[in-house]
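Examining the three-dimensional arrangement
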Amino acid sequence: MADTNPATQLARAYARGCSELGLVPVPAFVRVLNSPPSQRNAGVECSLADLKNPLSDRDLVCIASSLQQCNFITSLDLANNSIGPGGVEHLCAALNDSASIKHLGLSNNELRDEGLARVAQFIRENNSLRTLVLDQVSASAKGVAAIMASLSENTSIHTLSLAANQIPPKGGHAIAQVLRLGINIRSLGLADNQLGDAGAVPIAAAIAAPSCKLTELDLQRNGINGMGAGSLGEALSRGAVLRTLNLAGNMGIAGDGLSNLVRSFSLSPSLQSVNLDGVGFSRDSGAALAETLGKNPPLKELRIGGLTQLALAQDISVSMGSNITLVRLELSDKMVRTEPGQQIDAICSVNRKIAGWDNTPSALQQRDEQRAAPSTTRGPALELSLIHISEPTRPR
């Protein structure tokens, strides 16, 4: 009797296509195609990331052909492969009409501007994708501008990560220009780029615009200094709707810029979580932070591992005596063991119980775990919970 199982037929068609091109089928993809009906009905997450034998553009020919006929894969992670513009062309053509895939990861592939131009075209034509991860894809400012411009014609993508692409300051201007248009993006990951103050200032101005919907911004390790930090503080004071801001690893943030930033925490009605790990506090900026926390800002979580002076920690612990809003203030391991550190932890513990946050995991910790995950799904709260399947060696 002929096998009428659609999934089995898909797997066999994929194997035949590989045979015709002299390729070896990818076991992880075959397993996904053979998913049982119960899994297919719920939607299947497919990870083809971190394979022992990285996928090439030729592999994508057969995979893309199967994706055209597959309506149960909801997440596709292709991180850490050898996919170039040619492979992206096949992939985007296959996914153009797909309504099932909501999350797509292409990190650490050599897409370059040519491949990003094709992804930008795909963004314009597809209105079902929600999350797109393009970390470390050899993008220039031109490629980033193409991706951002395409978002003005897309209403479904709400999470985008462009981390580790060496985006220069002029890339920040291109990003800011599109953010002002009121695009649907809520979460934007720009970690490990080269925006500097010249790129951060226009982005800050854009998020202050009433039309901007961005609620989560990751700018860690971008060479941002006091001017950029001060501009972000001004944006928060002017009504930016950010809920999460990550500025960790920007060692140059200091002086009046840092003071203005922390003062803005009490002026922003939406800000919930801030990461300033690695940012060094002076006496003045520490005093500004202590004063702000004493005003009970809406802020729920704050990480300041770069605060090393015991006197500053003492000032913060005193000011927090009247704080009923902050549920987590993460200090360095050394500072946590001090008396002020323990007092701060005790105050936050009481606030957690009052707010019912005792069993709520730290959003900052969750983001650390996402960045440490094997797949390249870095960036802010990317909602890309892809299954990583260990891959046996495939002869090529």
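Sequence order as written defines the numbering, with residues in each chain counted from 1. Reporting in this predicted model follows two pLDDT cut-offs: at least 70 for local features of residues, and 80 or more for side-chain atom pairs to be given and counted; totals over whole chains, interfaces and linings ignore these cut-offs and use all residues. Side-chain descriptors were evaluated using all non-hydrogen atoms of the structure, hydrogens and water having been removed beforehand.

1. Some remarks on the packing of helix α13 (residues 310-319) against helix α15 (residues 339-355)
Two packed helices can be described by the angle between their axes and the distance between those axes. Condition: Lines fitted to C-alpha atoms define the axes here, with helix axes fitted over just the stretch in contact, and angles between the N-to-C directions of these axes take values from 0 to 180 degrees. Segments assigned H or I by DSSP are reported as helices when at least four residues long, segments assigned E as strands when at least two residues long, and all are numbered from the N terminus. What sets the label is the angle itself: under 35 degrees gives roughly parallel, over 145 gives roughly antiparallel, 65 to 115 gives roughly perpendicular, and the rest give oblique. Left-handed describes a crossing in which the near helix is turned anticlockwise from the far one by less than a right angle; the clockwise case is right-handed. In this description, contact between two residues means that some pair of their heavy atoms is separated by no more than 4.5 Å. Amino acids are sorted into nonpolar (Ala, Val, Leu, Ile, Met, Phe, Trp, Tyr, Cys and Pro), charged (Asp, Glu, Lys and Arg) and polar (every other residue, Gly among them).
Here α13 crosses α15 at 30°, and the two axes come no closer than 8 Å. By the angle class used here, α13 and α15 are roughly parallel. The two elements α13 and α15 cross, and the hand of that crossing is left-handed. Contacts between α13 and α15 involve Leu310, Ala313, Gln314, Ile316 and Ser317 from the former and Pro340, Gln343, Ile344 and Ile347 from the latter. Here the contact of α13 with α15 is composed, by residue class, of 6 nonpolar, 3 polar and no charged.

2. Focus: the pattern of salt bridges
In plain terms, the rule: Salt bridge, as used here: a side-chain nitrogen of Lys or Arg that lies within 4 Å of a carboxyl oxygen of Asp or Glu. A simple rule labels every residue: compare its accessible area, found with a 1.4 Å probe on the protein chains alone, to the largest value its type can have, and call it buried under 20%, exposed over 50%, or partly exposed in between.
With the rule as written, the count across this model stands at 8 salt bridges. With a shortest N-O distance of 3.9 Å, Arg238 and Glu234 are connected by a salt bridge. The class for Glu234 is partly exposed, based on a relative accessible area of 47%.

3. Quick notes on the environment of Met251
Looking at where Met251 falls in the secondary structure, it is placed in the loop between β8 (244-246) and α11 (255-264). The class of Met251 is exposed, set by a relative accessible area of 60%. Each C-alpha atom, one on Met251 and one on Gly278, is 6.1 Å from the other, the two residues being 27 residues apart in sequence.

4. Comments concerning the sheet that holds strand β6 (residues 187-189)
As a reminder of what qualifies: Pairing between two strands is assigned when DSSP locates at least 2 bridges connecting them.
The strand order across the open sheet formed by 11 strands is β1-β2-β3-β4-β5-β6-β7-β8-β9-β10-β11, and the pairing between neighbours is parallel. Looking at the sheet topology across the chains shown, the edges are occupied by β1 (44-47) and β11 (328-330). On average, each strand axis in the sheet is tilted by 5° relative to the strand beside it, whichever way the strands run.

5. What to know about the confidence of the model for the chain
The following threshold applies: How sure the predictor is of each residue is captured by pLDDT, a score from 0 to 100.
Taken over all residues, the pLDDT of the chain has a mean of 90, while the share at 70 or more is 89%. For the stretch residues 374-396, pLDDT sits under 50, and the model shows 92 contacts to residues farther than four places along the chain or on other chains.

6. Quick look at the side chain of Asn351
Structurally, the position occupied by Asn351 is in helix α15. Of the residues examined, Asn351 reaches a relative accessible area of 3% and is grouped as buried. In this view, Asn351 contacts Asn323, Ile324, Thr325, Leu326 and Val327; residues no more than four positions away in its chain are not counted.

7. A look at the packing of aromatic side chains
To keep things clear, this is the line we draw: Pairing of aromatic side chains requires ring centres within 6.5 Å, counting the rings of Phe and Tyr and the six-membered ring of Trp. Pairs whose planes differ by under 30 degrees are stacked, by over 60 edge-to-face, and all others tilted.
Applying the stated rule across the entire model yields 1 aromatic pair. Where Tyr14 meets Phe29, the ring centres are 5.0 Å apart and the plane angle is 85°; that geometry is what we call edge-to-face. In this pair, Tyr14 is assigned in helix α1 (residues 6-20) and Phe29 in helix α2 (residues 27-33), connecting sequence segments 15 residues apart. For Tyr14, a relative accessible area of 2% corresponds to the buried category. Assessed through its relative accessible area of 0%, Phe29 is described here as buried.

8. Looking at the environment of Ser47
With respect to the helices and strands, the residue Ser47 is situated in strand β1. Along the primary structure Ser47 and Gly105 are separated by 58 residues, whereas in three dimensions their C-alpha atoms are 9.1 Å apart.

9. Looking at helix α10 (residues 226-237)
Filter applied, for reference: One less than the residue count of a helix, multiplied by 1.5 Å, gives the span that helix is expected to have.
In a regular helix each residue adds 1.5 Å, so 12 residues correspond to 16 Å; α10 covers 16 Å between its end C-alpha atoms and thus fits that length. The buried fraction of α10 is high, at 9 of 12 residues. Regarding α10, the residues found buried are Gly226, Gly228, Ala229, Gly230, Ser231, Leu232, Gly233, Ala235 and Leu236. Of the surrounding secondary structure, the elements contacted by the buried residues of α10 are α9 (196-207), β7 (216-218), β8 and α11. In the segment just after α10, Gly239 is the residue with positive phi, at about 105°.

10. Describing the side chain of Thr159
Rules: N or O atoms within 3.5 Å of each other form a polar contact, as long as, within protein, one can give a hydrogen and the other can take it, and as long as residues adjacent in sequence are counted only when both atoms are side-chain atoms.
Along the chain, Thr159 falls in strand β5 (residues 159-161). The class for Thr159 is buried, based on a relative accessible area of 2%. Among the polar contacts made by the side chain of Thr159, one reaches the side chain of His158 at a distance of 2.8 Å.

11. With respect to α9
The end-to-end C-alpha distance of α9, which contains 12 residues, comes to 17 Å, matching closely the 16 Å that a straight helix rising 1.5 Å per residue would cover. Burial analysis of α9 places 9 of its 12 residues in the buried class, which makes it a mostly covered element. Those residues of α9 that fall on the buried side of the exposure criterion are Gly196, Asp197, Gly199, Ala200, Pro202, Ile203, Ala204, Ala206 and Ile207.

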